[in-house]
Amino acid sequence: MSTLRIVWLYPDLLSTYGDRGNLLVLAHRARARGIDVEPMQVRSDQRIPHTADMYLIGGGEDGPQAVAAERLLDDGALGRAAEAGKPILAICAGYQLLGESFYANGRAYAGLNILDLRSDRGPSRAVGEIAGETAPQLGIGPITGFENHGGRTHLGEAVQPLARVTAGVGNDGTTEGAWAGHVIGTYMHGPGLARNPRLADLLLAWAIGVNPAQLPPMDDTWPERLRAERFQALTAAQ
Ligand code: GLN
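None of the values given here were measured: they were computed from a predicted structure.

What follows covers the UniProt feature "active site" (unreviewed entry) in the protein. According to UniProt, the positions carrying the feature "active site" (unreviewed entry) are Cys-92 and His-189. These annotated residues cover 98 residues of sequence, and their C-alpha atoms lie no more than 7.7 Å from one another, placing them together at a single site. Looking at the element boundaries, Cys-92 is found in the loop between β4 (88–91) and α4 (93–96). Assessed through its relative accessible area of 5%, Cys-92 is described here as buried.

Before going further, it helps to spend a moment on the packing of aromatic side chains. Tallied over the entire structure, the rule returns 2 aromatic pairs. Residues Tyr-95 and Tyr-187 carry aromatic rings whose centres are separated by 5.3 Å and whose planes lie at 85 degrees to one another, so their mutual orientation is edge-to-face. Separated by 92 residues along the polypeptide, Tyr-95 in helix α4 and Tyr-187 in the loop between β11 (183–186) and α5 (192–195) bring together distant segments of the chain. Per residue, the accessibility class of Tyr-95 equals that of Tyr-187, and both read buried. Lying over the aromatic face of Tyr-109, Arg-107 brings its terminal NZ or CZ to 3.8 Å of the ring centre.

Attention now moves to the UniProt feature "domain: CobB/CobQ-like glutamine amidotransferase" (unreviewed entry) in the protein. In the numbering adopted here, UniProt assigns the feature "domain: CobB/CobQ-like glutamine amidotransferase" (unreviewed entry) to residues 5–196. With 21% helix and 41% strand, the stretch residues 5–196 has end C-alpha atoms that lie 21 Å from each other.

Each pocket or cavity is described by its volume, and for the largest pocket that value is around 230 Å³. Around the largest pocket, the lining comprises 16 residues; the ones closest to its centre are Arg-29, Arg-33, Arg-198, Asp-201 and Pro-212. For the lining of the largest pocket, the element with the most residues is helix α6 (residues 197–208), which contributes 4 residues. The residue inventory of the lining of the largest pocket, partitioned by class, reads 9 nonpolar, 1 polar and 6 charged.

The rules behind these values
- Residues numbered from 1 in each chain as written.
- Predicted model: local features only at pLDDT ≥ 70, side-chain atom pairs only at ≥ 80, totals over all residues.
- Heavy atoms only, no water.
- UniProt positions renumbered as here; feature names shortened; annotations may be inferred.
- Helix = DSSP H or I, 4+ residues; strand = E, 2+ residues; numbered from the N terminus.
- Buried < 20%, exposed > 50% of the residue type's maximum accessible area, 1.4 Å probe, protein only.
- Phe/Tyr/Trp six-rings, centres within 6.5 Å; stacked < 30°, edge-to-face > 60°.
- Lys NZ or Arg CZ within 6 Å of the ring centre and 35° of its normal.
- 1 Å grid on protein atoms, 1.4 Å probe; cavity = no way out; pocket = protein on both sides within 12 Å on 5 of 7 lines; lining within 4 Å.
- Points joined across faces, edges and corners; volume = space filled by probe spheres on them.
- Nonpolar A, V, L, I, M, F, W, Y, C, P; charged D, E, K, R; others polar.

This is how it looks when you write it as structure tokens:
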């Protein structure tokens, strides 16, 4: 691959929580491995290019989330990207709208049906640190991040949880996020990839078609130390 094209979707609607940091982390980690990166920001009044190698979508408040879902459904490109096996990373509001339905502004909205899940409203807002043990098949170990959402997410049979929650709420207090094929959804802001570099490398490896172990190692001493410290402290406090 000559240039890795990473699309960051709808910065005009879903950029409330600093999730653009995920784009910066991916670009940095790709370039450090000698891979050229073309970051592309696609606003909600633009067509989504089908030629990209990876798609990122962030979190946001209820109003922009509902508008984003409507425009993404109209566009259709994200569903086709998922079918084509392109990696997609979706955070919080972006994660909820990949499911069958989600709840915003006091009512249910249709989602994109890319992930087999649905979201409704929880008894209270989940705000704070979150930690979990990821599915062993992913090979990325524990994750930590920051969550801030009112919704709760219920997983169907065709997805696997990204992690078992050891602290915080995530989907429902038991599992956090979801994963199917090369699509990952998570409640982790932070931004999630800055705090979980192994997750960033998994997405990069999927995008360029290699095993994550084939990516040249990077010095992740500090993020790994933070991740270990946060995971232990949060999990012990439960
Ligand atoms: N509006 C959604 C909720 O509260 C998503 C929030 C977010 O993206 N942080 O559940």
